[in-house]
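Close look at the chain arrangement
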Amino acid sequence: MAKIEGKCKEVMDKTEWVAIVTCSDNGPHVVATWGDYVRDMSVKGEEVVIIPAGHYNITEENLKKNNRVELLIASKQVQGNYGPGQGCCISGKGELQTSGKFAEMAKEKFPWARGALVIKVKEVSTQL
Ligand SMILES: Cc1cc2nc3c(=O)[nH]c(=O)nc-3n(C[C@H](O)[C@H](O)[C@H](O)COP(=O)(O)O)c2cc1C
């Protein structure tokens, strides 16, 4: 397990949106969420990213067959090694949960949510 800390925490605090990539039988599948949704759902001390799930139906099916998931976040407001702008790739194992504490938290904060996409973070790396 890995933590989102340092530069990646700075990027997570600023990113406007988050790309979420899973693997389907036909190749990669890309969806997204808003950065402030992830920040609203953050849990202290847990190495997980929690995202409110309204749809994510294909993502859910993909994760049942292959639970690997990659997230990409970025912000020009965070300094990178080459100038303004840093991005961070977060790899982990994901599951769409429709019950349990994370799903209940998502439904409470986002009445449109049917559950939570929960990603256990395995690796974090900067890109710029
Ligand atoms: C910027 C952005 C934010 C989004 N936020 C969410 C979100 O928080 N929850 C959600 O279920 N879908 C969100 N969507 C829609 C998903 O990307 C996706 O199209 C939809 O959930 C269908 O997923 P599926 O292809 O896995 O079935 C967002 C899309 C964009 C472009």
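Summary of the structure given here.

About the cut-offs
Residues numbered from 1 in each chain as written. Predicted model: local features only at pLDDT ≥ 70, side-chain atom pairs only at ≥ 80, totals over all residues. Heavy atoms only, no water. Buried < 20%, exposed > 50% of the residue type's maximum accessible area, 1.4 Å probe, protein only. Helix = DSSP H or I, 4+ residues; strand = E, 2+ residues; numbered from the N terminus. Arc of directions from axis to C-beta. Contact = heavy atoms within 4.5 Å. Salt bridge = Lys/Arg side-chain N within 4 Å of Asp/Glu carboxyl O.

**Looking at helix H4 (residues 101-109)**
- Along H4, the positions that sit buried rather than exposed are Phe102, Ala103 and Ala106. All buried residues of H4 fall inside an arc of 100° around its axis, so they share one side. Exposed and facing more than 90 degrees away from the buried side of H4 are Lys101 and Glu108.
- Of the surrounding secondary structure, the elements contacted by the buried residues of H4 are strand E3 (48-53), strand E5 (84-97) and strand E6 (115-126).

**Observations regarding the pattern of salt bridges**
- Under the counting rule described, the total for this entry stands at seven salt bridges.
- Ionic pairing is found between Lys9 and Asp13, a salt bridge with its closest N-O pair at 3.0 Å. Linking Lys9 with Asp13, this pair stays in helix H1 (residues 6-14), spanning four residues, or about one helical turn.
- The residue Lys65 makes a salt bridge to Asp25 at a minimum N-O spacing of 3.4 Å. Taken together, the residues span a long stretch of sequence, with Lys65 in helix H3 (residues 57-65) and Asp25 in the loop between strand E1 (17-24) and strand E2 (27-34) at a distance of 40 residues. Asp25 shares its class with Lys65; the two are exposed.

**Things to note about the environment of Gly80**
- Mapped onto the secondary structure, Gly80 falls in the loop between strand E4 (68-79) and E5.
- Its relative accessible area of 10% is what places Gly80 among the buried residues.
- Distance from Gly80 to Ile20, taken between C-alpha atoms, is 22 Å for residues 60 residues apart in sequence.
- In this structure Gly80 touches Gly85, Gln86 and Leu128, once residues within four positions along its chain are discounted.

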